[in-house]
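Letter by letter, the chains look like this.
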Amino acid sequence: MNISRKHSRAVGIVAAASALALVVAGCSARDDGGDGDGDGAASSPGITDDSITLGITTPLSGATAGPGTCTVAGVTAYFGAVNAAGGVEFGDGVTRTVEIETYDDAYDPQQSLANFQQMVADDVFAVTAGLGTPTNRAFREAAIDEKVPQVLVMTGDPLFSDREESPWQLGFVPIYQNEGAAFGELLATSTEEHKVAILSQNDDYGEGYVEGFKEAIEGADNIEIVGELTYEATDTSVDAQLTELAGTGADVFFNAMSITPLVISSLQKTQELGWLPSWFLPSNTSSPTAILQPGNATAFPGVYSVSFSKAPASPAFAEDEDVQTFLSDLAEYADYPDMPAFPHCMWSYMVGATLEQAFQNMTEPTRENFLAALNDISDFQAPLMLDGTYVDTTVDGQPAVSTVIVQKYNGTGYSNAETFE
């Protein structure tokens, strides 16, 4: 792969305008010297009559580089194909290609903030797709101050979908509470008695999952929480917590964990302890090939997660037209020939499709108009979305995707779970 670099342009190399085009543009130029149709508001930085530039700060190195790299690959693949076909016809009648600038933050909030400051200097139109709650939070206030859209980012933190608190932001993936609630609702339908142990990340990520789960099981007299512990995102081991929770005899383990190596070692450690509960894992740390197979997840009665995207590795989607197009685009335009191990590749491809919807409805080349267009998308089923899920950006307090399907690991991929077994 060839996208894990500090600061690189991934798509959209635009040819220089001809002398005639320059003359025409000069005749219609506004006082600020920006590009556009000459009749509307002055163009925002990062958009011309030829192109629009997006920025992504995400972990391209370090422990979360796998999913982080995917957040670049999917968008790159989507717009690579769009650019090759001629670009996006915007709502103002101008066809533009999409350029992407990538910045490695190694999941370090300070580096993420520095990357945003560099994006401002680089005249990036909007920030999108980057992975992580702490890294996205690190520059949220700066993005508001600078009036730079920070949208369709890969965090389930509800703060990013609160229009009053975060007027220049919008999350893409379901908020943590939605995912936690989905599993809680499934468990509450069980006719059996269940004891639940909880291990969660000691931050908004973990708290959100647990909050949604607890609200969903409230009043369910067949479910008892028998142990609840936390860990720090910087921890390299949670063996002590797992040993304590194993002593509770819980038959269900709710593990709100975002660190890939810790999930794998946790799966392995519980087996060493002889504790074999059913598991719930967040969507971003439930990859069959990158996490569950190394962790020997088939040793457990069930491993559940939630999803809104098709899994290319699943035999059920082997002939799916969306999946075949996605894999082809990924290999051709993102230099990513391997089968994606993380769902973030699919999610960011959907981000590309959602951005294109907004671009097509932009009537002025401004960030304000872009946000208005982005926040007016409803019932859009982006490529790779599962039946029953869709993009809806019109609901305050909810991200672009709030619908999820609970699924159970089947040894190779996931199957939809109608009941808890």
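On a predicted model such as this, the values are computed, not experimentally measured, just so you know.

1. Description of the overall build of the chain
No. 1: In terms of helices and strands, the chain carries 13 helices and 14 strands.
No. 2: Its C-alpha atoms give the chain a radius of gyration of 22 Å, near enough to 22 Å, the size a compact globule of 421 residues would have.
No. 3: Looking at the chain as a whole, 57% of its 421 residues are labelled buried.
No. 4: Contacts in the chain between residues at least 24 apart in sequence constitute 69% of all its contacts with a sequence separation of at least 6.
No. 5: Roughly 16,200 Å² of accessible area belongs to the chain as shown, and the carbon and sulfur atoms make up 46% of that amount.
No. 6: Computed over 15 positive and 60 negative side-chain charges, the inter-centroid distance for the chain is 4 Å.

2. Considerations on helix 11 (residues 321-333)
No. 1: For helix 11, which comprises 13 residues, the first-to-last C-alpha distance of 18 Å matches the rise-based estimate of 18 Å (1.5 Å per residue) to within 8%.
No. 2: Considered for burial, the residues of helix 11 that qualify are Val 323, Phe 326, Asp 329 and Leu 330. The arc that holds the buried residues of helix 11, viewed along the axis, is 130°, so those residues lie on one side. Away from its buried face by more than 90 degrees, helix 11 exposes Glu 321 and Glu 332.
No. 3: Those residues of helix 11 that are buried lie in contact with helix 2 (65-84) and helix 12 (344-360).
No. 4: With a side-chain oxygen lying 2.9 Å from the backbone nitrogen of Asp 322, the N-terminal cap of helix 11 falls on Asp 320.
No. 5: Just beyond helix 11, the residue with positive phi is Asp 335, at close to 55°.

3. Some points on the packing of helix 12 against helix 13 (residues 367-374)
Axes are the key here: two packed helices are described by the angle between their axes and the distance separating the axes.
No. 1: The interhelical angle for the contact between helix 12 and helix 13, taken along N-to-C directions, is 115°, at an axis separation of 8 Å. Note on packing geometry: the crossing formed by helix 12 with helix 13 is right-handed. Counting all contacts with helix 12, which are made through Thr 354, Leu 355, Ala 358 and Phe 359, the residues of helix 13 involved are Phe 370, Ala 373 and Leu 374.

4. What about a negative patch on the surface?
No. 1: On the surface, a cluster of negative charge is made up of Glu 207, Glu 211, Glu 215 and Glu 218.
No. 2: Examined against the element boundaries, Glu 207 turns out to sit in helix 7 (residues 204-217).

5. Observations concerning helix 3 (residues 109-121)
No. 1: Here helix 3 spans 19 Å end to end across 13 residues, near enough to the 18 Å set by a 1.5 Å rise per residue.
No. 2: Looking only at helix 3, the buried set comprises Ser 112, Asn 115, Phe 116 and Met 119. All buried residues of helix 3 lie within an arc of 100° about the axis, which places them on one face of the element. In this structure, helix 3 carries Gln 110 and Ala 121 as exposed residues pointing more than 90 degrees from its buried face.
No. 3: The residue sitting at the N-terminus of helix 3 and contributing the capping side-chain oxygen is Asp 108; that oxygen lies 3.0 Å from the backbone nitrogen of Gln 110.
No. 4: After helix 3 finishes, the residue Asp 123 shows a positive phi value of roughly 60°.

6. Concerning the environment of Ala 114
No. 1: Topologically, Ala 114 is positioned in helix 3.
No. 2: In sequence terms Ala 114 and Leu 170 are 56 residues apart; their C-alpha atoms lie 21 Å from each other.

Thresholds applied
- Residues numbered from 1 in each chain as written.
- Predicted model: local features only at pLDDT ≥ 70, side-chain atom pairs only at ≥ 80, totals over all residues.
- Heavy atoms only, no water.
- Helix = DSSP H or I, 4+ residues; strand = E, 2+ residues; numbered from the N terminus.
- Rg over C-alpha atoms; globule rule 2.2 N^0.38 Å.
- Buried < 20%, exposed > 50% of the residue type's maximum accessible area, 1.4 Å probe, protein only.
- Contact = heavy atoms within 4.5 Å.
- Areas by Shrake-Rupley, 256 points an atom, 1.4 Å probe, with all protein chains shown as cover.
- Lys, Arg positive; Asp, Glu negative; His and termini not counted.
- Charge placed at Lys NZ, Arg CZ, Asp CG, Glu CD.
- Expected span 1.5 Å × (residues − 1).
- Arc of directions from axis to C-beta.
- Polar contact = N/O pair within 3.5 Å; in protein donor to acceptor, adjacent residues only side chain to side chain.
- Axes fitted to C-alpha atoms, helices over the stretch in contact; angles between N-to-C directions.
- Left-handed = near helix turned anticlockwise from the far one by under 90°.
- Patch = residues over 30% accessible without salt bridge, like charges linked within 9 Å, V, L, I, M, F, W, Y side chains within 5 Å.
- Salt bridge = Lys/Arg side-chain N within 4 Å of Asp/Glu carboxyl O.

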